[in-house]
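Structure at a glance
Take a look at the letters that make up each chain.
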Amino acid sequence: MLTNYLKIALRQLWRNRLYSLINISGLALGVACCLLISLYVYGEWNYDRFYPQVSNVYRVIMHQPKPNGQADTPITPGPLGPTLKTDFPEVQEAGRVGRWNGVIRYGSHTFEEENMSFADNGLLQLFKFPVLRGNVATALTHANELVMTETTARKYFGPNWQRNPKVIGTMLRLNNERDYRVVAILKDVPSNSHLQFDILLSFKNVELDPSSYSWNWTSYHTYLRLRPDTDRAAFDHKLAGQYKRYVPESKMTLTLQSLTDIYLYSGFDTDWGKRGSIFYVRLFGLVGLIVLLIACINFINLATARASRRAREVGVRKTVGAHRHQLIFQFLGESFLLTGLSVSAALLLANALLTAFNQVTDTVLVLNLSDPLVWLVLSSLTILIGLLAGLYPAFLLSAYQPNRVLKGIVTVTGATFRQTLVVGQFVMSLVLIICSFLIYNQLKFMQHKNIGFDKSQLVYVRMGGELRKKSAQFKKELLKQSSIEAASTTTATLVDVANEADIEWEGQMGKADFFVTQMNIDPDFLQTVGMRLARGSNFRPKAVTDTNQTYLVNETAARRMGYTNRTAIGKRVTFWGKTGLITGVVRDFHFRPLNIPIQPFIFRYGPGDFYFQLLVKTQPGRTSEALQQISRLYGQYEKDTPLRYGFVNQELDAQYRAEQRTGQIVLCFAGLAILISCLGLLGLMTFSVEARTKEIGVRKVLGASVGNIVTLLSKDFLKLILLAVVIASPVAWWAMNRWLANFAYKINIEWWVFALAGGLVTGVALLTVSFQSIRAALMNPVKSLRNE
């Protein structure tokens, strides 16, 4: 019996090659999309879940009161970690980490290290990084110790470093200032960890610096592990007042964030490293399901539309004794065979597209066919799609009565249902198209919005080694070059500003309920980046001394302190323990992505301070020449570290990579959804032409033109498309309104976007149905009528 069913199924596939090809192609595309998105969703969800006791590990979050509600930040004070372990018996372990960078010298070699951090031994005990060499039980407990990863050890000590017994204990020199001893080598941190580093320096160095180790200086992430029997709600209540215990006048409160939530649920503007978004994971999952559903709808539509062609077969089988459940089993078997072929084709297609998909999503996904989970997903998809796509046609076909169908009385049912499915297909496709258009418009708006400074021709240069001490001379030489318009030494690039601290000001009532982001600059900064003063004056170099500090603040900082632009001038503020006067108010500018409102900002000028960055404004059209001059002069001043530079506009655009990826993925899948929908439309149109062959012949004999025939065959389908446009527009408007609510600065949703998407989809659908209808209209009516 099973062999007979298989023969019939294969015969049906071969006899109806066009429909089989449409079904297999549509399902293969849908399943391939679903497979790729499933890999992406699983990869994003799986971040940090490999750490031991992961359900008990948390990161501490600070609640910062603001006029418009609470603002959260993962940046915490250095002293917080040890107090958690001593003040709360529920805390098994606590660890701290803070970013750092610098130049490390080993022998005659120098390396610029950017992925470096300060950490304490608690962090090693908490995360249990696998150890290849050394003793992590005591690592990082002294100020001159560091640990590094396997790849970093290979870079410093060669590919055969494991054969070298002297690796542990090797001395490395950081920034020509301090020697560190290698005390442990760790395995490389997995790529699906939110915490990434190449080298960890002992946190004891931070503790020895009073200026950066205080309750008012927040620059570090604090992690802890709770005992398994801890009541999380009760502990949260106790933890909330921990900051206030040590800073009584503060309004800050503390809470916990699960380790497994950090990658997908953070969204903090002061976070470090790569982060995902649960919103986009859910969005991509929904898009994948939509594309798969559209492919399944094709199968259902074509199977029910061609039901009358198999009515006689059903009647004969029932007459010779076939039961309905046997017919249902047969038709479901055909559905599973077609689905199996589609899934096999989808597997090949997904594997071929995986490299391109990885580039678009900025991931390193692998389709591992040796993983049982992959085959479980494939089997589940085959069964689910086979049932979803085949159940309705199977019950419909098996319900035919033999005494009617053998007399030629066949009632083709389900026309309204098929029309509903077609409308549903194009509604989903249109929603994807409209959303991708609006995402593109929002990205374009963010890239071209006036952000308060001129980012064009603005190059940043990272100064390493001894050059940091000679930054003023280096800048002076650069300004002599005709290709360079202006230059300024700074501690940040306007893109990577992360330092926040408390502030006190004249006339203050109570403790500040906000932190201020800060950046050290020189007097040429405003001219270099094109910022404007709203009030007051710029820094005057000769007027600034260790005892005569002055500051510039942005308009938001002035407002938060209760000043206007005018009244802020001359007011006394204390920042980082130094008291000085506000001499100028800078017009607000965006130093965070546009989904975040402008925050308080303060500029400080210290002639004797070290500067890590140099911002260079090049002459229009002479950027290449300027880069050559920068490279030449850099080599004269700094021979140990390589030149590293970038463009501020590119770094700003990179802030929106998640949105760019979303737009690209949604647009690609929207195109596939339209393609699959049109394949189904082509199949339905072909069936319609076959069913109306005699009618078309009669109409042509009676004088109907080609245009009349095309209109007759196309109008019903075009009505469905227009109905889909009407339904999809408000759905897309609602969805994009929700998405745009995440941005503080956003576009207006214009009517022409819906018109453009509707016109595009209608045009593609018209081309699809016109191809088959024109072909039918050009047929010889004599042949059509003779065949009938």
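Everything here concerns the structure above.
Residues numbered from 1 in each chain as written. Predicted model: local features only at pLDDT ≥ 70, side-chain atom pairs only at ≥ 80, totals over all residues. Heavy atoms only, no water.

1. A closer look at the overall build of the protein chain
- Regarding its fold elements, the protein chain presents 26 helices and 24 strands.
- Each of the 788 residues in the protein chain was classed as buried or not, and the buried ones make up 53%.
- Intrachain contacts of the protein chain at a sequence separation of at least 6 include 80% that bridge at least 24 residues.
- Of the roughly 35200 Å² of accessible surface on the protein chain, 57% is carried by carbon and sulfur atoms. (Helix = DSSP H or I, 4+ residues; strand = E, 2+ residues; numbered from the N terminus. Buried < 20%, exposed > 50% of the residue type's maximum accessible area, 1.4 Å probe, protein only. Contact = heavy atoms within 4.5 Å. Areas by Shrake-Rupley, 256 points an atom, 1.4 Å probe, with all protein chains shown as cover.)

2. Re unusual backbone geometry
- With a phi angle near 65°, Leu140 is a residue other than glycine that sits in the positive phi range.
- Note that Leu140 resides in the loop between strand S6 (131–134) and strand S7 (145–149).
- Judged by relative accessible area, which is 2%, Leu140 ranks as buried.
- Its identity is not glycine, yet Asp362 carries a phi of approximately 55°, on the positive side.
- Tracing the sequence through the fold places Asp362 in the loop between helix H12 (324–361) and helix H13 (372–398).

3. Notes on the environment of Thr762
- Note that Thr762 resides in helix H25 (residues 751–777).
- Look past the residues within four positions of Thr762 in its chain and what remains in contact with it is Leu718, Ile721, Leu722 and Val725.
- In this structure the side chain of Thr762 is engaged in a polar contact, spanning 2.6 Å, whose partner is the backbone oxygen of Gly758. (Polar contact = N/O pair within 3.5 Å; in protein donor to acceptor, adjacent residues only side chain to side chain.)

4. Side note on the environment of Phe601
- Tracing the chain through its elements places Phe601 in strand S22 (residues 601–604).
- The spatial distance from the C-alpha of Phe601 to the C-alpha of Val553 is 5.8 Å, given a sequence separation of 48 residues.
- Among residues more than four places away in sequence, those in contact with Phe601 are Val497, Val516, Thr517, Gln518, Met519, Leu552, Val553, Asn554, Ala557, Phe589 and Phe591.

5. Observations regarding helix H20 (residues 623–637)
- For H20, which comprises 15 residues, the first-to-last C-alpha distance of 21 Å matches the rise-based estimate of 21 Å (1.5 Å per residue) to within 8%.
- Of all the positions in H20, only Thr623, Ala626, Leu627, Gln629, Ile630, Leu633 and Tyr634 are classed as buried. Each buried residue of H20 lies within a common arc of 160° when the element is viewed along its axis, so the set occupies one face. Looking at H20, the residues exposed on the side facing more than 90 degrees away from the buried face are Ser624 and Gln628.
- On its buried side, H20 packs onto strand S13 (458–462), helix H16 (471–478), strand S14 (484–490), strand S23 (613–618) and strand S24 (644–647). (Expected span 1.5 Å × (residues − 1). Arc of directions from axis to C-beta.)

6. Section: the packing of aromatic side chains
- For the structure on display, the rule yields 31 aromatic pairs.
- A centroid spacing of 4.9 Å and a plane angle of 65° characterise the contact between Tyr51 and Phe127, whose relative ring orientation is edge-to-face. Remark: Phe127 occurs in helix H4 (residues 121–127) and Tyr51 occurs in the loop between helix H2 (17–45) and strand S1 (57–66); sequence separation between them is 76 residues.
- Overall, Tyr51 belongs to the buried group, its relative accessible area being 6%.
- One aromatic cluster is present, formed by Phe50, Tyr51, Phe127, Phe129, Phe197 and Tyr223 through successive ring pairs.
- Residue placement shows Lys571 over the ring face of Tyr563; its charged tip is 5.5 Å from the ring centre. (Phe/Tyr/Trp six-rings, centres within 6.5 Å; stacked < 30°, edge-to-face > 60°. Lys NZ or Arg CZ within 6 Å of the ring centre and 35° of its normal.)

7. Concerning the sheet that holds S13
- Taken in spatial order, the four strands line up as S14-S23-S13-S24 in an open sheet, and their pairing is antiparallel. Edge positions in the sheet fall to S14 and S24, since each has one partner strand and no second. With direction set aside, neighbouring strand axes in the sheet form an average angle of 20°.
- Examined bridge by bridge, S13 and S23 share five bridges and lie antiparallel to one another. (Pairing = 2+ DSSP bridges. Axes fitted to C-alpha atoms, helices over the stretch in contact; angles between N-to-C directions.)

8. Quick word on the side chain of Ser193
- The residue Ser193 is located in the loop between strand S9 (178–186) and strand S10 (199–202) in this model.
- Note on Ser193: relative accessible area 2%, which makes it buried.
- When near neighbours in sequence (up to four residues on either side) are disregarded, Ser193 contacts Tyr47, Asp48, Phe50 and Tyr51.

9. What to know about the pattern of salt bridges
- Applying the stated criterion across every chain, the model contains 21 salt bridges.
- Put simply, Lys85 and Glu93 hold a salt bridge, and the shortest N to O gap is 3.0 Å.
- Measuring nitrogen to oxygen at the nearest pair gives 3.4 Å for the salt bridge that ties Glu150 to Arg154. Here Arg154 and Glu150 lie together in helix H5 (residues 150–157), a separation of four residues that amounts to about one turn.
- A network of salt bridges, in which partner residues are shared, links Arg96, Asp120, Lys204 and Glu207. (Salt bridge = Lys/Arg side-chain N within 4 Å of Asp/Glu carboxyl O.)

10. A few points about the nonpolar core
- Within the largest apolar cluster, 96 residues are counted, with the highest numbers of intra-cluster contacts made by Val31, Phe426 and Phe669.
- Per-element accounting of this core gives the leading share, 16 residues, to helix H15 (residues 415–448).
- Residues within four places of Val31 in sequence aside, it is in contact with Leu292, Val343, Ala346, Leu381 and Ile385.
- Within the second largest apolar cluster, 41 residues are counted, among which are Leu458, Val461, Ile630 and Val648. (Core = buried A, V, L, I, M, F, W, Y, C linked by side-chain atoms within 4.5 Å.)

11. What to know about a nonpolar patch on the surface
- Among the surface-exposed residues, Tyr42, Trp45, Leu373, Leu376 and Val377 lie close enough to one another that they form a single nonpolar patch of about 470 Å² accessible area.
- Elements with a contribution of two residues or more to the nonpolar patch: H2 and H13.
- Mapped onto the elements of the fold, Leu376 is located in helix H13. (Patch = residues over 30% accessible without salt bridge, like charges linked within 9 Å, V, L, I, M, F, W, Y side chains within 5 Å.)

12. Topic: helix H24 (residues 706–740)
- With 35 residues, H24 extends 48 Å between its outermost C-alpha atoms, agreeing within 8% with the 51 Å of an ideal straight helix rising 1.5 Å per residue.
- At Ser714, H24 shows its strongest bend, of approximately 40°. (Bend = angle between axes of the 7 residues up to and from the residue.)

13. Describing the environment of Gly134
- Looking at where Gly134 falls in the secondary structure, it is placed in strand S6.
- On the basis of relative accessibility, which here comes to 41%, the residue Gly134 falls in the partly exposed class.
- When the C-alpha atoms of Gly134 and Val167 are compared, they prove to be 9.4 Å apart, with 33 residues separating the residues in sequence.
- For Gly134, the contacting residues outside a window of four places in its chain are Ile168, Val183 and Ala184.

14. A look at the side chain of Asn554
- Relative to the helices and strands, Asn554 resides in strand S19 (residues 549–554).
- What makes Asn554 buried here is its relative accessible area of 0%.
- At 2.9 Å, the side chain of Asn554 and the backbone oxygen of Gln599 are in polar contact.
- For Asn554, the side chain forms a polar contact with the main-chain nitrogen of Phe601, separated by 3.0 Å.

15. What to know about the state of the cysteines
- All told, the structure shown has zero disulfides when counted by the stated rule.
- Cys296 carries a free sulfur, and the closest cysteine sulfur to it, the one in Cys34, is 9.1 Å from it.
- Cys668 carries a free sulfur, and the closest cysteine sulfur to it, the one in Cys33, is 9.2 Å from it.
- For Cys668, a relative accessible area of 48% translates into the label partly exposed. (Disulfide = S-S within 2.5 Å.)

16. Notes on the packing of H16 against H20
- As a packed pair, H16 and H20 sit with axes 10 Å apart at the nearest point and diverge in direction by 145°. Considering the relative orientation of H16 and H20, their crossing is right-handed. Two secondary-structure elements touch here, H16 through Gln473, Phe474, Glu477 and Leu478 and H20 through Gln629, Ile630, Leu633, Tyr634 and Tyr637.
- Tallied by class, residues from the contact of H16 with H20 come to six nonpolar, two polar and one charged. (Left-handed = near helix turned anticlockwise from the far one by under 90°. Nonpolar A, V, L, I, M, F, W, Y, C, P; charged D, E, K, R; others polar.)

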